[in-house]
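The chain contents come next:
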Amino acid sequence: MSTHSNKTVYALADVNSMYASCEQVFRPDLKNSPIVVLSNNDGCAIAQNQLAKDLLGMHMAQPWHELEAEGKRLGVKVFSSNYELYAEMSNRFIDTLREFSPRVEVYSIDECFLDMTGINKPLTEYGHLIRDTVKQWTSLPICVGFGHSKTLAKLANHCAKKQPIWKGVCDLTNLNETELNSLLENLQVSKVWGIGSRLEVKLNNVGIHTVARLRKANPKRIRDAFGVLVERTIKELNGEVWLDLDDSEIPLEAKQVLSSRSFGERVTELKDINEAISFHATNACQRLRKQGLYANTVYAFIQNSPFDKATFYSGNETIGLPSPTDDTLRITQAALWLVKRIYSPNIYYQKAGIMLGGLVPKEGQQLDLLGYTDRDSKSENLMIALDGINKKYGRGTLKLASEGIDKTWRMRRSFKSPNYMGDFLELPLINSNIPLGFPLGENLKLL
DNA sequence: TCTGGGGTCCTAGGACCC
DNA sequence: TCTGGGGTCCTAGGACCC
C-alpha cells in the first residue's frame, strides 16, 4: 500500500527493557527470570523485564527499598547498572540497523530512527526482518514502529511493544483513517512523545484525553495555551514532518557537562565534600577533553535530600573562569573555591556535583586581553599524560590527591555484573576447568 | 535507614540600551 | 491620572526525554 508513495516514512527501532535484556544475554540461566536493574547508587529500579513488571507492578524509577523485600520473596534477580556493557551492546545493535537503511539516527542508547522513505517492500515484513536479524546478531529483543513522522513512528513503536496483536512490529502508514482513528481513540494522550505528566493534566483539564482528540485539536489554540512544542506535536500526529531525521555522524557539541551523584551514605564533613567535588571535576574535565571543548564557567552544588522537606538545603554557585580551559587542575581549584562558599556545617548532605558551562570548541580559541592563555603547553602535556595513563591502566589510576583515597562517599554498586566485553579478565567462563581468559560457548560470537 | 544521572529546549521576566 | 517604547541579551525555572 505504501510501496509507491514517496511520502516520508520513518521507523523507530528500540530494544525491549534494554538494560535487563543486556544482562540476560550473558546469563542464559536467567532466560526465564524476572530481572531488575538499579540506578546509580542502587537507589531506584530503572529497568525491568516484562516478568518483573508483572510480578512487582512497579513504576519507572521507583525506589528499590520499597520493592526489595517483595522482590526477594519472588526470586527477582537484581543488577546494579553496568553502563560499559550496555554501551558496547548498543553499538552492536546500531551497527546491525545500518544494514537496513542508509540513514540512521541514533536517538538514545536503545533507540534509533531509520529513514524508510521509498523502501520498496511491505513494511511489516521488513520490520520483522529487522527484528529477527537484530535478535540473531546481538541476542537483543526489539520492537519496530513505522509512521509518516517521528512522533507517529514513536507511537507505532509503543503499540508494537504494548499490544500483542502487532507481534512486535506496527505499521501506522498501512492504516486507513477509520482504522487509525479507532486505534488512537484507545490511547491516552500521555503516550505521545513530548506529552509528559504535567502536560497530560493540563490537556485533560481542557477535555483532551485521547491521542485521537489531540490529533484533531486546533493547532493555533493549542499553541497559545501550551506553547510551540505541543503545536508541533499535533502537526506531527497528522503526518506532517516537523522533526527531521538527524543522521549526522558528528555528535552535537554539548552545551554543558554535568557530573553529579548521590553519596553512598550521608556526609557532613567539608573534607568529604571536597573529595567528592574533586572527583566530579576530574570526571567532567575528562569528558570535556574527549569532546575537544573548553569551559568558561564552573557551577558547583551540594544538597541534602529533597525528601528532607523541612530541612532541605541546597547550596550552589557559579564562577566565570578568567579564560576558557579544560585543565583539571584549574577547574578543580575553581570548584573547591565554590564549595568553600556554599558549604554549611551540620547538614547531612546527600548529593554533590559540578556543571561546566559556556562550552566552546578548543580549536581557534582567542587569547584573552593580556595575551595569556591557561592552556600552555605544560598543562596540555600534563592532561594528555593523565588521560593516556587512565585510558591504558583504567579509570582513576592517576588522580588528584584532593580526590582522597578512602572514599566514604562513593556510590554503592552492590549487584554489578562483570565487565564482560570491556575487560579480558572479566570475560564469561562457561567451563570452570578452562584457564582464565579463554571464554567458550555462545558468548564467543560476541567477541 | 533507603528515593538516578545526564541532557535539551522553550518561556517569562529582569537588566540594559538607545 | 500619570509615570516612553522597543529591542536584545541573559538567567532561572519549567517542561520534556531516556
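Below: a short report on this structure.

What counts, and at which threshold
Residues numbered from 1 in each chain as written. Chains lettered and ligands numbered in written order. Predicted model: local features only at pLDDT ≥ 70, side-chain atom pairs only at ≥ 80, totals over all residues. Heavy atoms only, no water. Helix = DSSP H or I, 4+ residues; strand = E, 2+ residues; numbered from the N terminus. Buried < 20%, exposed > 50% of the residue type's maximum accessible area, 1.4 Å probe, protein only. Contact = heavy atoms within 4.5 Å. Areas by Shrake-Rupley, 256 points an atom, 1.4 Å probe, with all protein chains shown as cover. Near = heavy atom within 4 Å. Polar contact = N/O pair within 3.5 Å; in protein donor to acceptor, adjacent residues only side chain to side chain. Nonpolar A, V, L, I, M, F, W, Y, C, P; charged D, E, K, R; others polar. Pairing = 2+ DSSP bridges. Axes fitted to C-alpha atoms, helices over the stretch in contact; angles between N-to-C directions.

## Here we look at the overall build of chain A
Here comes step 1: Helix and strand content of chain A: 14 helices and 14 strands.
Here comes step 2: Expressed as a percentage of its 447 residues, the buried residues of chain A come to 44%.
Here comes step 3: Intrachain contacts of chain A at a sequence separation of at least 6 include 68% that bridge at least 24 residues.
Here comes step 4: Accessible surface, chain A as shown: approximately 23700 Å² in total, 53% of it carbon and sulfur.

## Some remarks on the protein's contact with DNA strand B
Here comes step 1: Taken together, the neighbourhood of DNA strand B is formed by 24 residues, with Lys 255, Leu 258, Ser 260, Ser 262 and Arg 287 sitting nearest.
Here comes step 2: Those atoms of DNA strand B that come within 4 Å of the protein belong to sugar or phosphate at a rate of 70%.
Here comes step 3: Side-chain polar atom of Ser 39 to a sugar or linking oxygen of DNA strand B: 2.8 Å apart, as the coordinates give it.
Here comes step 4: Where the surface near DNA strand B is concerned, the elements lending two or more residues are helix 11 (228-237), strand 10 (257-267) and strand 13 (349-357).
Here comes step 5: By residue number, the principal contributor to the surface near DNA strand B is strand 10, which donates 7 residues.
Here comes step 6: Along the lines of polarity and charge, the residues of the surface near DNA strand B split into 10 nonpolar, 9 polar and 5 charged.

## Side note on the sheet that holds strand 5 (residues 77-80)
Here comes step 1: One open sheet accounts for 4 strands, arranged 4-3-2-5; its pairing is mixed. Each having just a single partner strand, strand 4 (62-63) and strand 5 make up the two edges of the open sheet.
Here comes step 2: For strand 3 (residues 44-48) and strand 4, the ladder comprises 2 bridges, and the chain directions are antiparallel. Looking at strand 4, one finds that Ala 45 is bridged to Gln 62.
Here comes step 3: Taken strand by strand, helix 1 (residues 18-25) contacts strand 2 (35-38), strand 3 and strand 5, and its axis lies near 115° from that of strand 2.

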